[in-house]
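# Residue-level structure breakdown
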Amino acid sequence: MTKLIINGEKKLTGTAKIQGSKNSVLPILAGTILCNGECIIKNCPDLSDVHDAIEILNNLGAMAKFENHTVIVNAKNIKGYEIPDYLMRKMRSSIMFLGAILGRMKMAKISLPGGCDLGSRPIDLHIKALSKMGITFFDEHGYLNCSSNGTITCETINLAFPSVGATENIILAATLANGDTIIHNAAREPEIVDLQNFICSMGGKVKGAGTDTIIISGVPSLSSTEYTIMPDRIVAASYLCAIAITGGTGRLTNINPLHLSSFLSLITDADIKIKLGKDFIDITNTSHFTALKDIRTMPYPGFPTDIQPPLMALMTKAYGESVFIETIFDNRYKHIAELARLGANIKVQGKVALVEGNSNLSGARVCATDLRGGAALVISALAAKGETIIENVFHIDRGYDKIEKTLFNLGADIKRVGG
């Protein structure tokens, strides 16, 4: 079994280049299904989720391969419309293929997605929106059989919640439709903007991404493109937390600071010094930072739920008591029990977590429970006295491209064993 072994209390210093965005590349890879030609997708992180997405594309009949952080996809001869259960179960983002397959094939057959167990993440918003676009759904033996009778209906869709996944699926399903589809209360995340820009680079017509209203004007076909994935803001925040918890100084490059406004505002409130450039973030920590009293996860541009676990790890070493309120997922605190093994003092009552800072962290054997919770364990281990062994590293590998290499280059005593 693959493990990360970390000897803590090493100050991190230096420069790290941020990888391409996991949450952006996956819907974009799904979007390549809509193109009759070749798509060259650059700045792709080397993640297990990316390789699983490539396997799904090939299973559908596309020709897709990963080379040197570039994915080349030719979906011209795609014929499939079914994703096997074993592939759907590998990652949550597999649901993104639903809208793309429907947009291209006008039918689809999928099972429910897998990935991190963060509690209920129902796809009812996806189904409700796609049903309004003329898709019928029939549940049979754990599979969803989806049919459009040969056409996608263009509609005005009002989302009850600004779901990122539902917004992306509507965009993908509507891109090749005949007419205009309008999404109200759309998700506003930067990754939605990246998907819009990708589709437009192929000749699609999508506008409004980044606002709560998106308009998709259907086109007959899409042409070949070459596109570069945006930087990963969640990974950037994780490495900022890692540098800060060790009292280090560093620079992150290949990042848009505007994508991290809510997070950067919080760590500034914690008296952690940062300097922003057009495509970099400098951080200088004095080893004395203060607790945060109200950290509430919200849809973008609010504080992201994906950054909650890494920031919680950082706050275990802050002066004072921090208060986290998780409003997005009902099972996002699974990492807390593992942080406690390292000496963290965290109390949970419902959606609220109280983090007592200035903890004396010490090394222990812990297990990553999910992607971002695994990153939180790495961050805490960097500040812990002695050796920490982190198991279930496959969770971390879903979103962090060789995390041990980046941290080692910043001065961490970290190694991967067993794989």
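Everything here concerns the structure above.
Residues numbered from 1 in each chain as written. Predicted model: local features only at pLDDT ≥ 70, side-chain atom pairs only at ≥ 80, totals over all residues. Heavy atoms only, no water.

Time to look at the pattern of salt bridges. When charged atoms on two side chains of opposite charge get close, those side chains can pair. In the structure shown here, the tally under the stated rule is 16 salt bridges. Between R89 and D85 there is a salt bridge, and its shortest N-O distance comes to 2.6 Å. Judged by its relative accessible area of 54%, R89 is exposed. D85 sits in the partly exposed class, given a relative accessible area of 24%. A network of salt bridges, in which partner residues are shared, links K22, D49 and R398. (Salt bridge = Lys/Arg side-chain N within 4 Å of Asp/Glu carboxyl O. Buried < 20%, exposed > 50% of the residue type's maximum accessible area, 1.4 Å probe, protein only.)

The strands making up a sheet associate through hydrogen bonds between their backbones, and the pairing can be parallel or antiparallel. With respect to topology, four strands assemble into an open sheet ordered β2-β14-β16-β15, the strand pairing being mixed. Either end of the sheet is taken by a strand with one partner, and the two such strands are β2 (13-17) and β15 (273-276). Averaged over all pairs of adjacent strands, the angle between their axes in this sheet comes to 15 degrees, without regard to strand direction. Summarising the sheet, β2 and strand β14 (residues 249-253) pair through five bridges and their orientation is parallel. (Pairing = 2+ DSSP bridges. Helix = DSSP H or I, 4+ residues; strand = E, 2+ residues; numbered from the N terminus. Axes fitted to C-alpha atoms, helices over the stretch in contact; angles between N-to-C directions.)

Turning our attention to the environment of D46. Looking at where D46 falls in the secondary structure, it is placed in the loop between β3 (38-42) and α2 (48-60). D46 gets classed as partly exposed once you look at its relative accessible area, which sits at 24%. Within polar-contact distance, the side chain of D46 engages the side chain of H51 at 2.7 Å. (Polar contact = N/O pair within 3.5 Å; in protein donor to acceptor, adjacent residues only side chain to side chain.)

Next up on the list: the layout of surface pockets. Here the idea is plain: a probe the size of a water molecule rolls over the atoms and shows the empty space left. The volume enclosed by the second largest pocket comes to roughly 440 Å³. Along the walls of the second largest pocket sit 19 residues, with K17, Q19, H69, D401 and T406 positioned nearest its centre. Secondary-structure elements contributing two or more residues to the lining of the second largest pocket are β2, α8 (233-245) and α14 (403-409). Residue composition of the lining of the second largest pocket, by class: six nonpolar, nine polar and four charged. (1 Å grid on protein atoms, 1.4 Å probe; cavity = no way out; pocket = protein on both sides within 12 Å on 5 of 7 lines; lining within 4 Å. Points joined across faces, edges and corners; volume = space filled by probe spheres on them. Nonpolar A, V, L, I, M, F, W, Y, C, P; charged D, E, K, R; others polar.)

A full pass over the atoms with the stated rule returns one cavity of 30 Å³ or more. In this structure, the largest cavity occupies an estimated 40 Å³ of space. S238, Y239, A242, A375, V378, I379, L382, I403 and L407 are the residues that line the largest cavity. Looking at the lining of the largest cavity, the elements that each hand over two or more residues are α8, α12 (371-383) and α14. If you tally residues by element for the lining of the largest cavity, the top one is α12, at four residues. Taken together, the residues that form the lining of the largest cavity break down as eight nonpolar, one polar and no charged.

Strand order across the open sheet formed by four strands is β21-β22-β1-β23, with mixed pairing between neighbours. The outermost strands of the open sheet, each flanked by one partner alone, are β21 (365-367) and β23 (413-417). Adjacent strand axes in the sheet meet at a mean angle of 20 degrees, parallel and antiparallel pairs treated alike. As paired elements, strand β1 (residues 3-7) and strand β22 (residues 387-391) share four bridges and run antiparallel to each other. Its bridge partner lying in β22, N7 is registered against E387. This element, α12, spans β1, β21 and β22 of the sheet and lies at about 25 degrees to β1. (Contact = heavy atoms within 4.5 Å.)

So, about the packing of α8 against α12. It is at 8 Å that the axes of α8 and α12 come closest, and there the two elements cross at 20 degrees. Judged on the interaxial angle alone, α12 and α8 are roughly parallel. Crossing geometry of α8 relative to α12 is assigned as right-handed. Only R372, I379, S380, L382 and A383 of α12 make contact with α8, whose side of the interface consists of I234, S238, C241, A242 and I245. Taken together, the residues of the contact of α8 with α12 break down into seven nonpolar, two polar and one charged. (Parallel < 35°, antiparallel > 145°, perpendicular 65-115°, else oblique. Left-handed = near helix turned anticlockwise from the far one by under 90°.)

With that settled, consider the pairing of strand β5 (residues 70-74). Judged by how many residues are buried, β5 sits mostly within the fold: four of five residues are covered. As paired elements, β3 and β5 share five bridges and run antiparallel to each other. Counterpart to I40 in the pairing with β5 is I72. Relative to β5, strand β4 (residues 63-67) runs antiparallel, the two being bridged by five bridges. Looking at the pairing, F66 lines up with V71 of β5. Connecting β4 to the next strand, β5, in antiparallel fashion are two residues, including N68 with a positive phi near 50 degrees.

Backbone torsion omega between Y300 and P301 reads 15 degrees, so that peptide bond is classified as cis. Its place among the elements puts P301 in the loop between β17 (295-296) and α10 (308-315). Look at N68: it is not a glycine, yet its phi comes out positive at around 50 degrees. Turning to its location among the elements, N68 is positioned in the loop between β4 and β5.

Okay, the nonpolar core next. Counting 73 residues, the largest nonpolar core has L29, I41, I83, F97, I171 and I214 as its most contacted members. Beyond its immediate stretch of four places on either side in the chain, L29 contacts I41, V50, A53, L57, V71 and V73. By size, the runner-up hydrophobic cluster in this structure holds 71 residues, among which are A236, C241, L266 and Y333. (Core = buried A, V, L, I, M, F, W, Y, C linked by side-chain atoms within 4.5 Å.)

If you trace the backbone, T316 turns up in the loop between α10 and β18 (321-325). A residue is classified by how much of its surface remains accessible, and T316, at 0% relative accessible area, is buried. A polar contact of 2.6 Å, which involves the side chain of T316, links it to the backbone oxygen of A313.

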